[in-house]
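Coordinates in review
Listed below, chain by chain, are the residues.
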Amino acid sequence: MRDFERFLRVCAARCGQTLNVSELARDVGISHTTAKQWLSVLQTSNQIFLLEPYYRSLGKRLAKSPKLYFADTGLATYLMGFESADTLWGSAYIGALWENYVVAQWVRWRDVRQPNASLWYWRDQGGNEVDLIVEINQQIFAIECKLTEKPSTRECAGIARVSAMYGKQLAAAYVACHTPQAYDIVPGVAAVNGWKVWPLK
């Protein structure tokens, strides 16, 4: 049980990161096989979920590593050991936890309201990334998660790469942030409040 609790805490510290089972096993001091089994248990019990990478080729989607998220961001925060909001907001983990929160909201949206939607993340070989891709009827919506009230064009770099690669397949793009009111950062990319889901259009 001590090893399993440590495993949970190590997973929480890696929320929003690419899953590396070997690193998890090494840091906890368990076998690779045990780490895979415990991840399966956490997935089956809906404690965590894995977000697969988006590529035009389905084979490539399956060949790349997923990202790890907790279904309950509050649980992840607890497992990280945060005891106050001030400590949390001042920590190096707050950006990853914000991403976890936003992505988890869209997972629940998919499960309840849009079961035909597919959710992915996107990353190219140069390291450019978009945190969430929502795919509906072969159209994609790009969502980048940034813990700021006023995102700028710098937050749109990954979205620009997705637009260049997929062209008209990209229906719209957003930066999920703390802005009280939505506004266009650049044409085709809107800053929106990420505390809840919004209509994709």
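Residues numbered from 1 in each chain as written. Predicted model: local features only at pLDDT ≥ 70, side-chain atom pairs only at ≥ 80, totals over all residues. Heavy atoms only, no water.

**What about the packing of aromatic side chains?**
Evaluation of the coordinates by the stated rule reveals 12 aromatic pairs. Arranged with centres 5.2 Å apart and planes meeting at 65°, the rings of Tyr101 and Trp195 form a pair that is edge-to-face. Within this pair, whereas Tyr101 is found in helix α7 (residues 94-113), its partner Trp195 is found in the segment after β8 (189-193), the two being separated by 94 residues in sequence. Through pairs of rings, three or more aromatic residues link up here, namely Trp106, Trp109, Tyr174 and Trp198. A cation over a ring is seen here: Lys67 above Tyr121, with NZ or CZ 5.2 Å from the ring centre. (Phe/Tyr/Trp six-rings, centres within 6.5 Å; stacked < 30°, edge-to-face > 60°. Helix = DSSP H or I, 4+ residues; strand = E, 2+ residues; numbered from the N terminus. Lys NZ or Arg CZ within 6 Å of the ring centre and 35° of its normal.)

**Thoughts on unusual backbone geometry**
Located in the positive-phi region is Asn46, a residue other than glycine, with phi close to 60°. Residue placement: Asn46 occurs in the loop between α3 (32-44) and β1 (48-51). With a relative accessible area of 58%, Asn46 lands in the exposed category. Despite not being glycine, Asn137 shows a phi value in the positive range, around 50°. In this fold, Asn137 is placed in the loop between β4 (129-136) and β5 (139-145). Judged by its relative accessible area of 72%, Asn137 falls in the exposed class. (Buried < 20%, exposed > 50% of the residue type's maximum accessible area, 1.4 Å probe, protein only.)

**Side note on the pattern of salt bridges**
Oppositely charged side chains can pair when the atoms bearing their charge come close. Using the criterion set out here, one finds 10 salt bridges in the structure. Between Arg26 and Asp27 there is a salt bridge, and its shortest N-O distance comes to 3.4 Å. The partly exposed category is assigned to Asp27, whose relative accessible area is 31%. Lys146 is the partner of Glu144 in a salt bridge, and the nearest nitrogen-oxygen pair spans 3.5 Å. Look at the salt bridges and you will find they share partners, linking Lys67, Glu99, Arg123 and Glu129 into a network. (Salt bridge = Lys/Arg side-chain N within 4 Å of Asp/Glu carboxyl O.)

**A closer look at the side chain of Asp124**
Its place among the elements puts Asp124 in the loop between β3 (118-123) and β4. Residue classification places Asp124 among the buried positions, given a relative accessible area of 12%. Engagement of the side chain of Asp124 in a polar contact is seen with the backbone nitrogen of Asn128, the distance being 2.8 Å. Among the polar contacts made by the side chain of Asp124, one reaches the side chain of Arg161 at a distance of 3.3 Å. (Polar contact = N/O pair within 3.5 Å; in protein donor to acceptor, adjacent residues only side chain to side chain.)

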